[in-house]
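Descriptive analysis of the structure
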Amino acid sequence: MPYLETVTDLGPESLSRFDAIIDVRSPDEFADDHLPGAISLPVLSNDERAVVGTIYKQESPFRANRIGGAIVARNIAQHLDTALTDMPRGWRPLVYCWRGGMRSNAMATILSSVGWPVGLVKGGYKTWRREVVGGLELDETPLPVILVDGPTGSGKTAILTEIAQQGGQVIDLEGIANHRGSAFGGFDDLPQPAQRLFETVIWDQLRQFDLSRPIYVEAESARVGLRRVPRRLWHSMLAAPRVEIHVPAAARSAFLVSAYGDAVSDSESVARSLDLLKPLHSKETIADWQALADSGDHRKLAEVLMLEHYDPLYARSRKRREDTPVQIVELDALSSADIAAAAEAIRAKA
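Residues numbered from 1 in each chain as written. Predicted model: local features only at pLDDT ≥ 70, side-chain atom pairs only at ≥ 80, totals over all residues. Heavy atoms only, no water.

**Notes on the layout of surface pockets**
Rolled over the atoms, a probe sized like a water molecule indicates the empty space that remains. Space inside the second largest pocket adds up to approximately 500 Å³. Residue lining of the second largest pocket: 16 residues in total, with Leu 44, Arg 49, Val 52, Arg 99 and Arg 103 positioned closest to the centre. Looking at the lining of the second largest pocket, the elements with two or more residues in it are α3 (46-58), α4 (61-81) and α5 (102-114). Sort the elements by how many residues they give to the lining of the second largest pocket and α3 lands first, with six residues. (1 Å grid on protein atoms, 1.4 Å probe; cavity = no way out; pocket = protein on both sides within 12 Å on 5 of 7 lines; lining within 4 Å. Points joined across faces, edges and corners; volume = space filled by probe spheres on them. Helix = DSSP H or I, 4+ residues; strand = E, 2+ residues; numbered from the N terminus.)

Below is the structure:
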């Protein structure tokens, strides 16, 4: 007998009851954002959704539903013959669409008719989005954030990674945003996620954290590349105690060449990044930096960019803060042992 469960709780424990979370919206909708861990099995492609929507608005809802229903049925049949062909009898999927309407109901009904116990998200993706907005924008409860701060090249991201490996709670904003927070910060082969997806990943981490313990975050601006830090997290960061990492300039420049190896090895990428700095520096300075890039002297380029651009920016931004760091971690180098020691020292102080 077909079994279809209506699901309203999208908490981690509730979602963990299902073997798969199926997003039946179009690929473009899925790329913009989706439930954590969801897979994309669209019942309407991007083009098909556009065609059905046009018929709905310009002709009639009935005709749109009839044509759309036929397309949806064919696409579900295709999924049954491909992605779902080897799923066992007890397999338990959770299905959702935009607002829990025709698309998810069609998929859920057919899957339950096959004999699988199926969950259907009431209200669809919009239910999830309301939870994210509520947790990150509307809730004003401060988060127990501790900022890991320091000038460019001081190994903050590596230290955060080590803190996480040691059992600390970490939100890696640069990792989630696919951006290292500077003109050289983008990854050419890894575009930034959409803003909504950026927020989903942050919220999914936060809601699983123990808020009686510290959450370590790198000291960032309100934007990481093109992505905006959500309001609740940003306000918590502004009020958070700060740990400062101090590393000698020579060690920082060497670390930068290693950390930004993919960026500095691509001459076109370097040129684009230097172009972004033109409003901030003279033509002569930009030309000198470009000459270093052209000559392949990446170590020297990293050093002058650090000393002439990033360090002054860091100094100005810290002058605007009225607080003093609660801890200063002095490192002579940024070897794996140094980074591990820094992470241990920061966690011990909290």
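**Examining the pairing of strand β8 (residues 215-218)**
Going residue by residue along β8, you find Ile 215 and Val 217 tucked away on one face and Tyr 216 and Glu 218 tucked away on the opposite face as well. Alignment of strand β6 (residues 145-149) against β8, held across four bridges, turns out to be parallel. In the sheet register, Ile 146 faces β8, and the bridge partner there is Tyr 216. Bridge analysis of strand β7 (residues 169-171) against β8 gives three bridges, and the strand direction is parallel. Along β8, the bridge assignment pairs Val 170 with Tyr 216. (Buried < 20%, exposed > 50% of the residue type's maximum accessible area, 1.4 Å probe, protein only. Pairing = 2+ DSSP bridges.)

**Here's the deal with unusual backbone geometry**
The phi dihedral of Asn 178 falls on the positive side, at around 55°, and the residue is not glycine. Considering the arrangement of structural elements, one finds Asn 178 in the loop between α8 (173-177) and α9 (195-206).

**Quick word on the packing of α4 against α5**
Packed helix pairs are characterised by how far apart their axes lie and by the angle those axes make with each other. Taken N-terminus to C-terminus, the directions of α4 and α5 make an angle of 45°; their axes are 10 Å apart at the nearest point. As summarised for this structure, α4 and α5 are arranged oblique, according to the angle between their axes. Judged by the twist between their axes, the crossing of α4 over α5 is right-handed. Contact with α4, carried on its side by Asn 65, Gly 68, Gly 69, Val 72, Ile 76, His 79 and Leu 80, involves Met 102, Ala 106, Met 107, Ile 110, Leu 111 and Val 114 of α5 and no other residues of that element. Residues that form the contact of α4 with α5 fall into these classes: nine nonpolar, four polar and no charged. (Axes fitted to C-alpha atoms, helices over the stretch in contact; angles between N-to-C directions. Parallel < 35°, antiparallel > 145°, perpendicular 65-115°, else oblique. Left-handed = near helix turned anticlockwise from the far one by under 90°. Contact = heavy atoms within 4.5 Å. Nonpolar A, V, L, I, M, F, W, Y, C, P; charged D, E, K, R; others polar.)

**Considerations on the sheet that holds strand β3 (residues 39-40)**
Ordered by their spatial adjacency, five strands build an open sheet running β1-β5-β4-β2-β3, and the pairing between neighbours is parallel. One side of each edge strand has no neighbouring strand; the edge strands of this open sheet are β1 (4-7) and β3. Relative to strand β5 (residues 118-121), β1 is paired through four bridges, and the arrangement is parallel. Considered in β5, the bridge of Glu 5 is made with Gly 119.

**Side note on the environment of Ile 215**
By the secondary structure assignment, Ile 215 is in strand β8. As for Ile 215 and Pro 142, which are separated by 73 residues in sequence, their C-alpha atoms are 11 Å apart.

**Topic: the packing of aromatic side chains**
Scanning the model with the defined rule gives two aromatic pairs in all. Measuring from ring centre to ring centre gives 5.0 Å for Trp 91 and Trp 116, while their planes differ by 80°; the resulting arrangement is edge-to-face. One end of the pair, Trp 91, is in the loop between α4 and β4 (93-96); the other, Trp 116, is in the loop between α5 and β5, and 25 residues separate them in sequence. For Trp 116, a relative accessible area of 7% translates into the label buried. Relative to Tyr 125, the ring of Trp 98 has its centre 5.4 Å away and its plane inclined at 25°; by these criteria the two rings are stacked. One end of the pair, Trp 98, is in the loop between β4 and α5; the other, Tyr 125, is in helix α6 (residues 125-138), with 27 residues separating them in the sequence. According to the relative accessible area criterion, Trp 98 is partly exposed, its value standing at 25%. For Tyr 125, a relative accessible area of 1% translates into the label buried. Between the NZ or CZ atom of Arg 25 and the centre of the ring of Tyr 125, over which it lies, the distance is 4.5 Å. The ring of Phe 18 carries the charged tip of Arg 92 above its face, separated from the ring centre by 5.0 Å. (Phe/Tyr/Trp six-rings, centres within 6.5 Å; stacked < 30°, edge-to-face > 60°. Lys NZ or Arg CZ within 6 Å of the ring centre and 35° of its normal.)

**Quick word on the side chain of Gln 195**
Examined against the element boundaries, Gln 195 turns out to sit in helix α9. Among residues more than four places away in sequence, those in contact with Gln 195 are Leu 226, Arg 227 and Arg 228.

**Quick word on helix α7 (residues 156-165)**
Note on helix geometry: an α-helix contains 3.6 residues per turn, so any two residues three or four positions apart are oriented the same way. Among all positions in α7, only Lys 156, Ile 159, Leu 160, Glu 162 and Ile 163 are buried. Looking straight down α7, one finds its buried side chains confined to an arc of 160°; they lie on one side. Residues of α7 that are buried in the fold lie against β6, β7, β8, β11 (242-246) and α16 (336-349). Gly 167 sits one or two residues past α7 and shows a positive phi near 105°. (Arc of directions from axis to C-beta.)

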